[in-house]
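# Observations on chain architecture
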Amino acid sequence: MLIKKADDVKSSEITDQKTYLNRRNFMRAAALAGTATATGLLYRQFAVPAGPEVRGEKIAVVQTPAAEIIPPIDEKLTPYQDITHYNNFYEFGTNKGGVAANAKNFVTRPWTVSVEGLVQRPKVFDLDEILRLAPAEERVYRMRCVEGWSMVIPWVGLPLAKLLKEVEPLGQAKYVAFETAADRKRGMQLPNALDWPYVEGLRLDEALHPLTILAHGLYGETLPPQNGAPLRLVVPWKYGFKGIKSIIKISLVEREPPTSWNLAASDEYGFYSNVNPEVSHPRWSQAREQRIGEFGKRDTLMFNGYAEQVAQIYAGMDLKRNF
Ligand SMILES: Nc1nc2c(c(=O)[nH]1)N[C@H]1C(S)=C(S)[C@@H](COP(=O)(O)O)O[C@H]1N2
Ligand SMILES: [Mo]
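Counting restarts for each chain: residues are numbered from 1 in the order of the written sequence. Chain A is the first chain written and ligand 1 is the first ligand written, with later ones labelled in order. Totals for whole chains, interfaces and linings use all residues, but because this is a predicted model, local features are given only for residues with pLDDT of at least 70 and pairs of side-chain atoms are given and counted only at 80 or more. Side-chain descriptors were evaluated using all non-hydrogen atoms of the structure, hydrogens and water having been removed beforehand.

## Let's talk about the overall build of the protein
Stated precisely, the cut-off is as follows: Secondary structure counts use DSSP, requiring at least four H or I residues in a row for a helix and at least two E residues in a row for a strand, with both numbered from the N terminus. Burial here depends on accessible area, computed with a 1.4 Å probe over protein chains only, as a share of the maximum for the residue type. Under 20% is buried, over 50% is exposed, and the range in between is partly exposed. Residue contacts follow a heavy-atom distance rule, with two residues in contact if any of their heavy atoms lie within 4.5 Å. Computed with the Shrake-Rupley method and a 1.4 Å probe, the accessible areas treat only the protein chains shown as cover for residues.
In terms of helices and strands, the protein carries nine helices and 12 strands. The buried share among the 323 residues of the protein stands at 54%. When contacts within the protein are restricted to residue pairs at least 6 apart in sequence, those whose partners lie at least 24 apart make up 75%. Looking at the protein as shown, the accessible area adds up to about 14,700 Å², and 51% of this sits on carbon and sulfur atoms.

Here it is as structure tokens:
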């Protein structure tokens, strides 16, 4: 993956930051309202094009999980405009600033997800059936892209474990393989940048971890196409590319499944791809990151700040070898 220089835009063209308010974040948001917004200097490096906002539909009921389970974040939410106009979704082109426009007419209904493989009850789920499996929860997570930038995103989703339990994984199932749609009829471009379909994988215990979700919303609204509508994976302690978008198939398997970026460059992108400031990418350090909308870089945290929740599932593993 190359760090691409996005289009240069004047800071005056960037839509003003919106403040997102819900009961839980109201006080925090009020405290942050006075914080200065990004400078033109930052946006010359990470340009986010301005444009008309096409918003999703409001999700009627969104619950907030207990703080003991999902660690609250004391960091400013990345503005909606940035989350939805600075995207990696290579099926719609490799220019981060162009994905939103290219994905605008992506057909995401009807949509089914086949959950199959080493399970007692394989099933093709209609999207709505999946959304009914659990209440929509707001999950505010950091997202750290392997390229060195990060955001704080208020996802709406459900635990992946809820869906996996429906199909009753068999004892031999040790990994979960995911597949994105690769469908020109739905409006995907599928340029010659990667082999399609995009595939990803998790170990079964990672997939069942309470932090791992299937996201179907953003900022309390249905997910825009460019962010992986209608359903995408979010694994907040791993590099962003593990968060496979627009999923159509989930298979329970016995062996470590292939993953798109590992197939493209195995020495650069490992199966685990846990965020780790001590393991450099062969072409750049991972010690620091550019939070979109901030001036200057911040330190990258072990497991992206989720060590307390996940470190123990890697106990005894050499995280440099299993990168
Ligand atoms: N199918 C698919 N999923 C994908 C990608 C992709 O190109 N295709 N890009 C990944 C990368 S590199 C990142 S950083 C995140 C970006 O998610 P976002 O655009 O919602 O921020 O999606 C990931 N999921
Ligand atoms: Mo990424």
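That was the structure; now back to the text.
## What about the side chain of H281?
Mapped onto the elements of the fold, H281 is located in the loop between α8 (260-264) and β11 (288-291). Note on H281: relative accessible area 6%, which makes it buried. Setting aside its immediate chain neighbours within four residues, H281 contacts V146, E268, Y269 and Q286.

## Let's talk about the pattern of salt bridges
Pairs may arise between side chains of opposite charge once their charged atoms sit close together. For the record, the criterion: By salt bridge we mean one thing: a side-chain nitrogen of Lys or Arg within 4 Å of a carboxyl oxygen of Asp or Glu.
Summed over all chains, the structure comprises 20 salt bridges. E147 is the salt-bridge partner of K96, the closest N and O atoms lying 3.0 Å from each other. Here E147 lies in the loop between β3 (137-144) and β4 (149-159) and K96 lies in the loop between α3 (80-83) and α4 (99-102), a separation of 51 residues in the sequence. Residue classification places K96 among the buried positions, given a relative accessible area of 5%. Each of E75, R142, R144, E289, R291, E294 and R298 takes part in salt bridges that share partners, so that together they form one network.

## Description of helix α6 (residues 160-167)
This is how the line gets drawn: This arc is taken over the directions from the axis of the helix to the C-beta atoms.
Of all the residues in α6, the buried ones are L160, A161, L163, L164 and V167. Buried residues in α6, looked at end-on, bunch into an arc of 160°, giving them a common side. Once α6 ends, the next one or two residues include E168, with phi positive near 55°.

## Concerning the sheet that holds strand β10 (residues 247-253)
Note the following rule: The pairing criterion for strands is at least two bridges between them, as found by DSSP. Lines fitted to C-alpha atoms define the axes here, with helix axes fitted over just the stretch in contact, and angles between the N-to-C directions of these axes take values from 0 to 180 degrees.
Here five strands make up an open sheet; going across it, the order is β2-β1-β10-β5-β6 and the pairing mixed. The sheet terminates laterally at β2 (123-126) and β6 (199-203), the two strands that pair on one side only. Across the sheet, the axes of successive neighbouring strands diverge by a mean angle of 20°, strand direction being ignored. As paired elements, strand β5 (residues 175-180) and β10 share six bridges and run antiparallel to each other. When the sheet's bridge partners are listed, V176 is paired in β10 with L252.

## Examining the nonpolar core
Taken as a class, soluble globular proteins show a tendency for nonpolar side chains to be buried jointly. Our working definition: Side-chain atoms within 4.5 Å are what join buried Ala, Val, Leu, Ile, Met, Phe, Trp, Tyr and Cys residues into a set we call a nonpolar core.
Core analysis: the biggest nonpolar cluster contains 78 residues, and W155, L160, F178, L233 and I250 have the highest contact counts within it. No other element matches β4, which puts six residues into this core. Excluding residues that lie within four positions of it along the chain, L233 makes contacts with L160, F178, L202, T212, I213, L214, K242, G243, I244 and I247.

## Details of the site of ligand 1
Spelled out, the test is: Being near a molecule or strand, for a residue, means having at least one of its heavy atoms within 4 Å of it. Here a polar contact is taken to be a pair of N or O atoms separated by no more than 3.5 Å, where protein atoms must pair a possible hydrogen donor with a possible acceptor and residues adjacent in sequence count only if both atoms sit in side chains. A cavity here means a set of 1 Å grid points, computed over protein atoms only, where a 1.4 Å probe fits but cannot escape. A pocket is an open set with protein on both sides within 12 Å along at least 5 of 7 lines, and lining residues have an atom within 4 Å of a point. The rule for placing a molecule in a cavity or pocket is simple: more than half of its atoms must lie within 2 Å of the grid points.
Not every one of the 18 residues close to ligand 1 is listed here, only the nearest: N87, Y90, E91, G243 and K245. In this structure, T180 approaches ligand 1 through a side-chain N or O atom, which is 3.0 Å from a nitrogen atom. One of the side-chain N or O atoms of K245 is found 2.7 Å from an oxygen atom in ligand 1. For ligand 1, the accessible surface in isolation is 530 Å², of which the surrounding protein chains cover 99%. Here ligand 1 occupies the largest cavity.

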